Amino acid sequence: MRITKVEPICLRVPAWDEGCEWGDDAFLVRIHTDEGIVGIGESDTSPTVARAMIEAPESNLHCTGLERLLLGGDPMQVQDLWDKMYWQSNYVGRRGLGIHAMSAVDIALWDIVGQYLGVPVKELLGGACKDHIDVYGTFIPSDSMAENRRIVRKLLDSGYTSLKFGGGALGDDEDLDVEIIRTVRQEAGDQIQIQIDLATKWRSYDHAARMMRRVEPFNLAWAEEPIPSDDFSQVKRLAQLGIAPISGGEDLTTRYEFRPFIEQSGVSIVQPDITRCGGISEIRRIGLIAENAGVRLIPHGFSTGILLAATMHFLSATPGADLMEYSQSESPLFRKLVKNMPVPKCGRISLPQEPGLGIVVDDDMIEQYRI
Ligand code: MG
(Lines give C-alpha, C1' and ligand atoms only; values in the text may rest on other atoms or scores of the structure.)
Protein backbone atom coordinates (compact mmCIF):
# COMPACT_ATOMS: atom_id res chain seq x y z
CA MET A 1 0.00 0.00 0.00
CA ARG A 2 1.31 3.45 -0.90
CA ILE A 3 0.30 7.00 -0.02
CA THR A 4 -1.01 8.79 -3.11
CA LYS A 5 -2.25 12.10 -1.71
CA VAL A 6 -2.13 14.14 1.50
CA GLU A 7 -5.13 16.44 1.60
CA PRO A 8 -5.14 19.31 4.12
CA ILE A 9 -8.62 20.61 4.92
CA CYS A 10 -9.28 23.94 6.66
CA LEU A 11 -12.74 24.45 8.17
CA ARG A 12 -14.09 27.66 9.66
CA VAL A 13 -17.55 28.65 10.87
CA PRO A 14 -17.16 32.44 11.29
CA ALA A 15 -16.19 34.66 8.35
CA TRP A 16 -12.45 34.98 7.64
CA ASP A 17 -12.08 38.36 9.37
CA GLU A 18 -14.46 37.68 12.27
CA GLY A 19 -13.47 36.57 15.75
CA CYS A 20 -13.35 32.86 16.41
CA GLU A 21 -14.04 30.86 19.57
CA TRP A 22 -12.53 27.50 20.53
CA GLY A 23 -14.14 24.81 18.39
CA ASP A 24 -15.26 27.13 15.61
CA ASP A 25 -12.49 26.16 13.20
CA ALA A 26 -10.67 22.92 12.48
CA PHE A 27 -7.74 21.50 10.57
CA LEU A 28 -8.14 18.02 9.09
CA VAL A 29 -5.82 15.85 7.04
CA ARG A 30 -7.09 13.10 4.75
CA ILE A 31 -4.46 10.63 3.54
CA HIS A 32 -5.35 8.71 0.38
CA THR A 33 -3.80 5.38 -0.63
CA ASP A 34 -3.59 3.26 -3.77
CA GLU A 35 -5.69 0.60 -1.97
CA GLY A 36 -8.61 3.02 -1.78
CA ILE A 37 -8.32 3.29 2.00
CA VAL A 38 -8.54 6.89 3.25
CA GLY A 39 -7.41 7.85 6.74
CA ILE A 40 -8.41 11.01 8.59
CA GLY A 41 -6.74 12.99 11.35
CA GLU A 42 -6.93 16.47 12.77
CA SER A 43 -5.01 19.07 14.71
CA ASP A 44 -6.49 21.71 16.98
CA THR A 45 -4.28 24.51 15.69
CA SER A 46 -4.30 27.43 13.24
CA PRO A 47 -5.71 25.68 10.16
CA THR A 48 -4.27 27.77 7.35
CA VAL A 49 -0.79 27.83 8.88
CA ALA A 50 -0.87 24.04 9.31
CA ARG A 51 -1.96 23.67 5.68
CA ALA A 52 1.22 25.45 4.61
CA MET A 53 3.25 22.95 6.66
CA ILE A 54 1.73 20.14 4.57
CA GLU A 55 1.95 21.81 1.18
CA ALA A 56 5.32 23.60 1.34
CA PRO A 57 7.90 22.65 -1.28
CA GLU A 58 11.38 21.55 -0.27
CA SER A 59 13.69 24.36 0.84
CA ASN A 60 16.50 22.14 2.07
CA LEU A 61 17.14 18.83 3.83
CA HIS A 62 15.59 20.01 7.11
CA CYS A 63 12.92 22.29 5.76
CA THR A 64 10.42 20.31 3.70
CA GLY A 65 6.63 20.26 3.53
CA LEU A 66 5.13 17.04 4.89
CA GLU A 67 3.25 15.90 1.77
CA ARG A 68 6.51 15.59 -0.18
CA LEU A 69 7.90 13.33 2.53
CA LEU A 70 4.85 11.09 2.65
CA LEU A 71 3.99 10.56 -1.03
CA GLY A 72 4.83 7.02 -2.15
CA GLY A 73 5.48 5.92 1.45
CA ASP A 74 3.98 2.82 3.07
CA PRO A 75 1.30 4.07 5.53
CA MET A 76 1.75 0.92 7.65
CA GLN A 77 5.22 2.20 8.67
CA VAL A 78 3.84 4.82 11.03
CA GLN A 79 6.87 5.32 13.25
CA ASP A 80 9.27 5.40 10.32
CA LEU A 81 7.16 8.10 8.64
CA TRP A 82 6.92 10.04 11.92
CA ASP A 83 10.70 10.03 12.30
CA LYS A 84 11.18 11.06 8.66
CA MET A 85 8.76 13.98 9.03
CA TYR A 86 10.37 15.09 12.29
CA TRP A 87 13.90 14.96 10.92
CA GLN A 88 13.25 16.51 7.54
CA SER A 89 11.11 19.39 8.82
CA ASN A 90 13.05 20.25 11.93
CA TYR A 91 14.11 23.81 11.02
CA VAL A 92 10.47 24.82 10.67
CA GLY A 93 8.87 22.03 12.68
CA ARG A 94 10.35 20.28 15.75
CA ARG A 95 7.96 22.04 18.18
CA GLY A 96 4.69 23.92 17.92
CA LEU A 97 3.00 24.17 14.55
CA GLY A 98 5.20 21.64 12.76
CA ILE A 99 4.30 18.98 15.33
CA HIS A 100 0.63 20.00 15.18
CA ALA A 101 0.55 19.21 11.46
CA MET A 102 2.46 15.97 12.07
CA SER A 103 -0.09 15.02 14.73
CA ALA A 104 -2.91 15.18 12.19
CA VAL A 105 -0.89 13.05 9.76
CA ASP A 106 -0.01 10.53 12.48
CA ILE A 107 -3.66 10.08 13.51
CA ALA A 108 -4.66 9.57 9.86
CA LEU A 109 -1.93 6.93 9.46
CA TRP A 110 -3.16 4.97 12.50
CA ASP A 111 -6.68 5.19 11.01
CA ILE A 112 -5.38 3.65 7.76
CA VAL A 113 -3.51 0.84 9.55
CA GLY A 114 -6.62 -0.08 11.54
CA GLN A 115 -8.86 -0.04 8.48
CA TYR A 116 -6.38 -2.14 6.48
CA LEU A 117 -6.13 -4.77 9.21
CA GLY A 118 -9.85 -4.56 10.04
CA VAL A 119 -9.31 -3.72 13.73
CA PRO A 120 -9.97 -0.64 15.89
CA VAL A 121 -6.91 1.48 16.67
CA LYS A 122 -7.19 0.49 20.37
CA GLU A 123 -6.33 -3.11 19.38
CA LEU A 124 -3.18 -1.85 17.66
CA LEU A 125 -2.21 -0.12 20.91
CA GLY A 126 -2.36 -3.32 22.94
CA GLY A 127 -6.10 -3.69 23.38
CA ALA A 128 -8.59 -1.98 25.63
CA CYS A 129 -8.04 -2.45 29.35
CA LYS A 130 -11.42 -0.90 30.27
CA ASP A 131 -14.92 -1.03 28.86
CA HIS A 132 -15.77 2.67 29.15
CA ILE A 133 -14.16 6.03 29.79
CA ASP A 134 -15.40 8.59 32.31
CA VAL A 135 -15.83 12.06 30.88
CA TYR A 136 -16.01 15.53 32.34
CA GLY A 137 -17.95 18.33 30.69
CA THR A 138 -16.07 21.51 29.76
CA PHE A 139 -17.94 24.75 29.27
CA ILE A 140 -16.97 28.37 28.68
CA PRO A 141 -18.38 30.42 31.57
CA SER A 142 -20.42 33.58 31.14
CA ASP A 143 -20.24 36.82 33.11
CA SER A 144 -23.95 36.20 33.83
CA MET A 145 -24.38 34.02 36.93
CA ALA A 146 -27.90 33.04 35.82
CA GLU A 147 -26.42 31.70 32.60
CA ASN A 148 -23.70 29.79 34.48
CA ARG A 149 -26.33 28.23 36.71
CA ARG A 150 -28.35 27.22 33.65
CA ILE A 151 -25.32 25.55 32.04
CA VAL A 152 -24.39 23.68 35.22
CA ARG A 153 -27.97 22.49 35.71
CA LYS A 154 -28.11 21.23 32.13
CA LEU A 155 -24.85 19.29 32.55
CA LEU A 156 -25.98 17.73 35.81
CA ASP A 157 -29.28 16.76 34.20
CA SER A 158 -27.28 15.00 31.47
CA GLY A 159 -25.54 12.89 34.10
CA TYR A 160 -22.14 14.57 34.38
CA THR A 161 -20.45 14.24 37.75
CA SER A 162 -17.33 16.23 36.82
CA LEU A 163 -17.27 19.74 35.32
CA LYS A 164 -14.59 22.10 34.08
CA PHE A 165 -14.96 25.71 33.02
CA GLY A 166 -12.54 28.20 31.55
CA GLY A 167 -12.00 30.74 28.85
CA GLY A 168 -14.72 33.34 28.35
CA ALA A 169 -15.02 35.58 31.39
CA LEU A 170 -12.78 33.52 33.70
CA GLY A 171 -9.41 35.06 34.50
CA ASP A 172 -10.16 38.68 33.56
CA ASP A 173 -11.24 40.08 36.91
CA GLU A 174 -10.41 38.77 40.37
CA ASP A 175 -13.79 39.40 42.00
CA LEU A 176 -15.68 38.06 38.98
CA ASP A 177 -13.50 34.93 39.00
CA VAL A 178 -14.47 34.23 42.60
CA GLU A 179 -18.13 34.90 41.85
CA ILE A 180 -18.14 32.49 38.89
CA ILE A 181 -16.41 29.71 40.80
CA ARG A 182 -18.67 30.19 43.84
CA THR A 183 -21.77 30.10 41.62
CA VAL A 184 -20.72 26.89 39.91
CA ARG A 185 -19.90 25.22 43.24
CA GLN A 186 -23.23 26.31 44.76
CA GLU A 187 -25.23 25.10 41.77
CA ALA A 188 -23.29 21.82 41.44
CA GLY A 189 -23.34 20.98 45.15
CA ASP A 190 -20.58 19.33 47.14
CA GLN A 191 -20.72 15.89 45.53
CA ILE A 192 -19.77 17.06 42.03
CA GLN A 193 -16.12 17.39 41.01
CA ILE A 194 -15.29 20.83 39.63
CA GLN A 195 -12.07 22.13 38.11
CA ILE A 196 -11.09 25.45 36.59
CA ASP A 197 -9.05 26.32 33.50
CA LEU A 198 -7.34 29.71 33.54
CA ALA A 199 -5.78 29.31 30.09
CA THR A 200 -2.76 31.13 31.66
CA LYS A 201 -4.80 34.30 32.29
CA TRP A 202 -3.58 34.76 35.85
CA ARG A 203 -0.21 35.60 34.31
CA SER A 204 2.10 35.81 37.33
CA TYR A 205 2.86 33.70 40.40
CA ASP A 206 1.71 36.47 42.76
CA HIS A 207 -1.61 36.90 40.99
CA ALA A 208 -2.20 33.15 40.83
CA ALA A 209 -1.16 32.52 44.45
CA ARG A 210 -3.50 35.26 45.68
CA MET A 211 -6.36 33.78 43.65
CA MET A 212 -5.65 30.19 44.72
CA ARG A 213 -6.05 31.30 48.34
CA ARG A 214 -9.32 33.08 47.52
CA VAL A 215 -10.84 30.05 45.79
CA GLU A 216 -9.59 27.48 48.30
CA PRO A 217 -13.05 27.09 49.96
CA PHE A 218 -14.54 25.77 46.71
CA ASN A 219 -12.62 22.47 46.78
CA LEU A 220 -11.29 22.37 43.22
CA ALA A 221 -10.24 19.02 41.74
CA TRP A 222 -7.55 20.90 39.83
CA ALA A 223 -6.51 24.35 38.63
CA GLU A 224 -5.43 24.20 35.00
CA GLU A 225 -2.75 26.46 33.55
CA PRO A 226 -3.08 29.28 36.09
CA ILE A 227 0.15 30.69 34.61
CA PRO A 228 2.14 29.83 31.46
CA SER A 229 3.86 26.46 31.66
CA ASP A 230 7.13 27.87 30.29
CA ASP A 231 8.39 28.84 33.73
CA PHE A 232 8.58 25.54 35.59
CA SER A 233 9.86 27.12 38.81
CA GLN A 234 6.82 29.42 39.17
CA VAL A 235 4.39 26.59 38.35
CA LYS A 236 6.15 24.50 40.98
CA ARG A 237 5.79 27.21 43.62
CA LEU A 238 2.04 27.26 42.92
CA ALA A 239 1.83 23.48 43.18
CA GLN A 240 3.70 23.62 46.50
CA LEU A 241 1.00 25.84 48.00
CA GLY A 242 -0.97 22.59 48.23
CA ILE A 243 -4.32 24.34 47.75
CA ALA A 244 -5.37 22.36 44.65
CA PRO A 245 -3.57 20.10 42.20
CA ILE A 246 -2.05 22.10 39.34
CA SER A 247 -2.37 20.83 35.77
CA GLY A 248 -1.09 21.91 32.38
CA GLY A 249 0.69 20.99 29.20
CA GLU A 250 -1.95 21.37 26.47
CA ASP A 251 0.39 23.75 24.63
CA LEU A 252 3.44 21.47 24.72
CA THR A 253 4.61 19.12 21.98
CA THR A 254 6.64 15.92 21.91
CA ARG A 255 8.40 13.95 24.61
CA TYR A 256 11.19 16.53 24.51
CA GLU A 257 9.00 19.26 26.00
CA PHE A 258 6.85 17.01 28.18
CA ARG A 259 9.70 15.24 29.93
CA PRO A 260 11.17 18.30 31.67
CA PHE A 261 7.66 19.68 32.30
CA ILE A 262 6.53 16.48 33.99
CA GLU A 263 9.74 16.06 35.96
CA GLN A 264 10.35 19.67 37.02
CA SER A 265 7.11 21.68 37.17
CA GLY A 266 5.47 19.94 40.13
CA VAL A 267 2.16 19.44 38.28
CA SER A 268 -0.10 16.64 39.49
CA ILE A 269 -1.83 16.26 36.12
CA VAL A 270 -0.39 16.52 32.62
CA GLN A 271 -2.70 17.31 29.70
CA PRO A 272 -1.25 16.58 26.25
CA ASP A 273 -3.63 17.18 23.35
CA ILE A 274 -3.35 14.17 21.04
CA THR A 275 -3.86 16.42 18.00
CA ARG A 276 -1.00 18.75 19.00
CA CYS A 277 1.58 16.77 20.97
CA GLY A 278 2.66 14.55 18.06
CA GLY A 279 -0.36 12.30 17.55
CA ILE A 280 -1.11 8.82 18.82
CA SER A 281 2.52 7.73 18.37
CA GLU A 282 3.89 10.49 20.57
CA ILE A 283 1.23 10.64 23.28
CA ARG A 284 2.06 7.01 24.10
CA ARG A 285 5.63 8.05 24.90
CA ILE A 286 4.42 11.02 26.94
CA GLY A 287 2.08 8.68 28.81
CA LEU A 288 5.00 6.46 29.81
CA ILE A 289 6.99 9.45 31.07
CA ALA A 290 3.98 10.55 33.15
CA GLU A 291 3.39 7.06 34.50
CA ASN A 292 7.02 6.71 35.53
CA ALA A 293 6.89 10.07 37.31
CA GLY A 294 3.60 9.31 39.09
CA VAL A 295 1.84 12.16 37.31
CA ARG A 296 -1.75 11.63 36.20
CA LEU A 297 -2.50 11.99 32.48
CA ILE A 298 -5.83 13.58 31.52
CA PRO A 299 -5.65 14.61 27.85
CA HIS A 300 -6.77 18.00 26.63
CA GLY A 301 -9.45 17.82 23.94
CA PHE A 302 -11.74 20.55 22.70
CA SER A 303 -12.27 20.14 18.97
CA THR A 304 -14.12 17.68 16.71
CA GLY A 305 -15.19 14.05 17.02
CA ILE A 306 -11.97 13.04 15.23
CA LEU A 307 -9.94 14.25 18.22
CA LEU A 308 -12.41 12.51 20.53
CA ALA A 309 -12.09 9.17 18.73
CA ALA A 310 -8.27 9.29 18.69
CA THR A 311 -8.23 10.20 22.39
CA MET A 312 -10.67 7.39 23.25
CA HIS A 313 -8.58 4.73 21.50
CA PHE A 314 -5.45 5.90 23.33
CA LEU A 315 -7.13 6.13 26.74
CA SER A 316 -8.86 2.77 26.41
CA ALA A 317 -5.47 1.07 25.95
CA THR A 318 -3.65 3.07 28.63
CA PRO A 319 -3.86 1.78 32.22
CA GLY A 320 -4.38 4.47 34.82
CA ALA A 321 -5.61 7.10 32.34
CA ASP A 322 -9.35 7.01 32.66
CA LEU A 323 -10.81 10.51 32.42
CA MET A 324 -11.56 12.38 29.19
CA GLU A 325 -12.57 15.94 28.43
CA TYR A 326 -15.88 16.38 26.59
CA SER A 327 -16.52 19.77 25.04
CA GLN A 328 -19.86 21.50 25.47
CA SER A 329 -19.27 23.62 22.38
CA GLU A 330 -22.31 24.36 20.23
CA SER A 331 -20.09 24.62 17.15
CA PRO A 332 -21.44 22.53 14.23
CA LEU A 333 -17.87 21.25 13.79
CA PHE A 334 -18.11 19.63 17.22
CA ARG A 335 -21.74 18.58 17.06
CA LYS A 336 -22.09 17.34 13.49
CA LEU A 337 -18.80 16.89 11.59
CA VAL A 338 -18.57 13.26 12.71
CA LYS A 339 -21.84 11.50 11.88
CA ASN A 340 -21.41 8.76 14.49
CA MET A 341 -20.22 11.18 17.15
CA PRO A 342 -19.37 9.46 20.45
CA VAL A 343 -21.84 10.79 23.01
CA PRO A 344 -21.57 10.16 26.77
CA LYS A 345 -24.38 8.77 28.87
CA CYS A 346 -24.43 9.32 32.62
CA GLY A 347 -20.91 10.77 32.60
CA ARG A 348 -19.25 7.92 30.72
CA ILE A 349 -18.68 6.95 27.14
CA SER A 350 -18.45 3.52 25.51
CA LEU A 351 -15.54 2.56 23.30
CA PRO A 352 -15.50 2.57 19.48
CA GLN A 353 -15.63 -0.93 17.98
CA GLU A 354 -15.22 -0.24 14.24
CA PRO A 355 -11.90 -0.59 12.34
CA GLY A 356 -9.45 2.30 12.41
CA LEU A 357 -10.68 5.35 14.31
CA GLY A 358 -14.19 4.09 13.60
CA ILE A 359 -15.70 7.41 12.62
CA VAL A 360 -17.71 8.60 9.63
CA VAL A 361 -17.13 12.20 8.61
CA ASP A 362 -19.93 14.24 7.00
CA ASP A 363 -18.57 15.32 3.60
CA ASP A 364 -21.37 17.87 3.16
CA MET A 365 -20.18 19.60 6.34
CA ILE A 366 -16.65 19.71 4.98
CA GLU A 367 -17.81 21.41 1.79
CA GLN A 368 -20.03 23.83 3.74
CA TYR A 369 -17.27 25.14 6.01
CA ARG A 370 -14.16 24.61 3.88
CA ILE A 371 -11.95 27.65 3.32
MG1 MG B 1 -7.03 24.21 29.10
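The structure this text deals with has already been given above.
Residues numbered from 1 in each chain as written. Predicted model: local features only at pLDDT ≥ 70, side-chain atom pairs only at ≥ 80, totals over all residues. Heavy atoms only, no water.

### Some words on the side chain of Asp362
No. 1: Position of Asp362 among the secondary structure elements: in the loop between strand S12 (348–350) and helix H14 (363–369).
No. 2: In this structure, Asp362 is buried with no salt-bridge partner, the nearest side chain bearing the opposite charge being Lys339 at 4.9 Å.
No. 3: The residues touching Asp362, leaving out its near neighbours within four places in the chain, are Lys336, Leu337 and Lys339. (Helix = DSSP H or I, 4+ residues; strand = E, 2+ residues; numbered from the N terminus. Buried < 20%, exposed > 50% of the residue type's maximum accessible area, 1.4 Å probe, protein only. Lys, Arg positive; Asp, Glu negative; His and termini not counted. Salt bridge = Lys/Arg side-chain N within 4 Å of Asp/Glu carboxyl O. Contact = heavy atoms within 4.5 Å.)

### Quick notes on the pairing of strand S1 (residues 3–12)
No. 1: Within S1, 8 of the 10 residues are buried, which leaves the element mostly enclosed by the surrounding structure.
No. 2: Of the pairings in the sheet, the one linking S1 to strand S2 (residues 25–33) comprises 9 bridges and is antiparallel in character. Counterpart to Lys5 in the pairing with S2 is His32. (Pairing = 2+ DSSP bridges.)

### Focus: the coordination of the magnesium ion
No. 1: Within the protein, the magnesium ion binds to Asp197 (OD), Glu224 (OE) and Glu250 (OE); these donor distances fall in the range 2.0 to 2.1 Å.
No. 2: In the primary sequence, the donor residues of the magnesium ion line up as D-x26-E-x25-E. Note that Asp197 is positioned in strand S6 (residues 193–197) and Glu250 in the loop between strand S8 (246–248) and helix H10 (254–264), a separation of 53 residues in sequence. Side by side, Asp197 and Glu250 carry an identical accessibility label, which is buried. (Donors = N, O, S within 2.8 Å, 3.2 Å for Na, K, Ca; no water.)

### A short note on the sheet that holds strand S3 (residues 38–43)
No. 1: Spatial strand order, S1-S2-S3: 3 strands in an open sheet with antiparallel pairing. Of all the strands in the sheet, the pair left with one neighbour each is S1 and S3. The average undirected angle you get between the axes of adjacent strands in this sheet is 20°.
No. 2: Alignment of S2 against S3, held across 6 bridges, turns out to be antiparallel. (Axes fitted to C-alpha atoms, helices over the stretch in contact; angles between N-to-C directions.)

### Describing helix H11 (residues 279–293)
No. 1: An ideal rise of 1.5 Å per residue puts 21 Å on 15 residues; H11 measures up with 21 Å between its terminal C-alpha atoms.
No. 2: For H11, the set of buried residues is Gly279, Ile280, Ser281, Glu282, Ile283, Ile286, Gly287, Ile289 and Ala290.
No. 3: Positive phi appears at Gly294, one or two residues downstream of H11, with a value of about 70°. (Expected span 1.5 Å × (residues − 1).)

### Describing the pairing of strand S5 (residues 162–166)
No. 1: In terms of burial, S5 is largely enclosed, as 5 of its 5 residues are buried.
No. 2: Residues Ser162, Lys164 and Gly166 of S5 are buried on one face, and the alternating residues Leu163 and Phe165, pointing to the opposite face, are buried as well.
No. 3: Across 3 bridges, strand S4 (residues 132–139) lies against S5 in parallel orientation. Opposite Phe139, over in S5, you have Phe165 as the bridge partner.
No. 4: Once you follow S4 into helix H6 (residues 145–157) and on to S5, the crossover reads as right-handed.
No. 5: Sheet topology note: the S5/S6 ladder contains 5 bridges and is parallel. Bridge pairing links Phe165 to Ile196 in S6.
No. 6: Where the polypeptide runs from S5 across helix H7 (residues 174–188) and back to S6, its parallel neighbour, the crossover connection is right-handed. (Right-handed = clockwise from strand over helix to strand, strands pointing away.)

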